Amino acid sequence: MISGRVLVGQGPEELKELVAEFGEPGFRADQLIKWIYRPVAAIEEMSNLPIGLRERLARETIYHPCSTVTIRHSRDGTRKYLFMLQDGELIESVYIPEANRSTVCISSQVGCKMGCTFCATGTMGFVRHLTAGEIVDQVLQVILDVGSRPSNVVYMGMGEPLENYEQLIRSIRILNASWGINIGIRQITVSTCGLVPGIRRLGKEGLGLTLAVSLHAADDKKRRRIMPIARAYSLDELLDALHEYAARTKRRITIEYALMSGFNDSRDDARQLTDLLRGLLCHVNLIPVNPIPGGLHQKPRDSQVVRFENWLRRGGLEVSIRKERGADIEAACGQLRGQWEEI
Ligand code: SF4
């Protein structure tokens, strides 16, 4: 009895075992995996599988671990999804279409224990890790809704992906595999708040993905005020790990810097940031902070954001300002909460 086995998240070997347990020939596993990650909405649609096998799969397995509760549409085309998992927990994902690419931003945990003060997920606390199947299915659900595969996937939704390391790596392999969703490895970004051991471990995996690090302050004291993780790892330790990561992977690291008015947007802050990042293969992404209910941080004026960008540029850093997407539906950075009230 294979009761409760979830199909999304399985690889070729596991599916071979599954069809063997069902008394089916091995080639059925190849047919099945193509359907799983194509994807289709339901097992009944897997038209080249015998009806008896489809019925048994429908009875004894779960195809999609995520079911869509609501989809909110932003004026700019961004869509925010609220998904329910098999145990009733809720997570959110975001689809961001652009002129020549499209990105799905996915969650890796229900809630998050990192407690960053500018982030709505951080205020929820931690509930549980997601399985690789639950991570991957967010992308499949978006594909079913929009009708095409995204070019990019970013682990920037709810949760700290490096805390859920095994399932993160498993999900990346499925996203990237030719038998899976076939997203280019360079089009996959993992974003961390700065878990030093996880960064070092990821650097040794030999994957060519993009690492994004939430820095948000170039001074330990200041960073500790907004990011509790900074009490565990100093900026020195973090920068050491980033240099090691860049040396191993030869990949440019994205440094996320949420600009908060009067907190980290002064000329001195820019100078400190420039000094800290000098010599690191990186690119700074400035994100004017998105207000969250009850949050303390305010967005700087546009003119201050541009001034800050120029200071960094003059200091020799590569910089861009992240274009805000989906703020009218609370789908912008740091605004995901997985709540019913938003419906
Ligand atoms: S910013 Fe990321 S790591 Fe920090 S609380 Fe939010 S989800 Fe967690």
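Just so you know, these numbers come straight off a predicted model, no measurement behind them.

1. Re the environment of Gly157
In step 1: Along the chain, Gly157 falls in the loop between strand S9 (152-155) and helix H5 (165-176).
In step 2: On a C-alpha basis, the gap between Gly157 and Ile106 in space is 4.8 Å, while along the polypeptide they are 51 residues apart.
In step 3: Residues within four places of Gly157 in sequence aside, it is in contact with Glu92, Ser93, Val94, Cys105, Ile106, Ser107 and Leu336.

2. Considerations on the domain arrangement of the chain
In step 1: Segmentation of the chain into domains returns domain 1 (5-62) and domain 2 (67-342).
In step 2: For domain 1 versus domain 2, the distance between C-alpha centres works out to 34 Å.
In step 3: Listed by partner, the interface residues are ten residues for domain 1 and 13 residues for domain 2.
In step 4: In terms of residue class, the side of domain 1 that touches domain 2 is built from eight nonpolar, two polar and no charged.

3. Section: the sheet that holds strand S4 (residues 79-84)
In step 1: Sheet architecture is open: ten strands sit in the order S3-S4-S5-S6-S9-S10-S11-S12-S13-S14, paired in mixed fashion. Here the strands that pair on one side only, and so sit at the sheet edges, are strand S3 (67-73) and strand S14 (319-321). Going across the sheet, the axis of each strand differs from the next one's by a mean of 20°, ignoring polarity.
In step 2: Where strand S10 (residues 188-192) meets strand S11 (residues 210-214), four bridges bridge the pair, whose relative direction is parallel. If you follow Ser191 over to S11, its bridge partner there is Ala212.

4. Some words on the nonpolar core
In step 1: Val136, Val139, Leu175, Leu211, Ile255, Tyr257 and Leu259 are the most contacted members of the largest nonpolar core, which has 95 residues in total.
In step 2: By residue number, the principal contributor to this core is helix H4 (residues 132-146), which donates six residues.
In step 3: Lining this core are residues from two domains, each supplying at least three of them: domain 1 (5-62) and domain 2 (67-342).

5. Some thoughts on unusual backbone geometry
In step 1: In the segment running from Arg38 into Pro39, the intervening peptide bond is cis, with an omega of -15°.
In step 2: Summarising the element assignment, Pro39 is placed in the loop between helix H2 (27-36) and helix H3 (51-60).
In step 3: Unlike most non-glycine residues, His216 shows phi in positive territory, near 65°.
In step 4: Note on placement: His216 falls in the loop between S11 and helix H7 (220-226).
In step 5: Positive phi, normally seen in glycine, also occurs at Lys250, with a value near 60°.
In step 6: By the element assignment, Lys250 lies in the loop between helix H9 (235-249) and strand S12 (253-259).

6. Focus: the environment of Leu239
In step 1: Turning to its location among the elements, Leu239 is positioned in helix H9.
In step 2: Here the alpha-carbon distance between Leu239 and Cys105, two residues 134 residues apart in the chain, equals 26 Å.

7. Considering the environment of Pro197
In step 1: Inspection of the secondary structure assignment puts Pro197 in helix H6 (residues 196-203).
In step 2: On the basis of neighbour count, Pro197 is assigned to the partly exposed category, with 13 C-beta atoms found within 10 Å.
In step 3: Through-space distance from the C-alpha of Pro197 to that of Leu82 is 31 Å; in sequence the pair is 115 residues apart.

Criteria and thresholds
Residues numbered from 1 in each chain as written. Predicted model: local features only at pLDDT ≥ 70, side-chain atom pairs only at ≥ 80, totals over all residues. Helix = DSSP H or I, 4+ residues; strand = E, 2+ residues; numbered from the N terminus. Contact = placed C-beta atoms within 7 Å. Domains from an automatic or database assignment. Nonpolar A, V, L, I, M, F, W, Y, C, P; charged D, E, K, R; others polar. Pairing = 2+ DSSP bridges. Axes fitted to C-alpha atoms, helices over the stretch in contact; angles between N-to-C directions. Core = buried A, V, L, I, M, F, W, Y, C linked by C-beta atoms within 7 Å. Buried ≥ 20, exposed ≤ 12 C-beta atoms within 10 Å, placed from the backbone.

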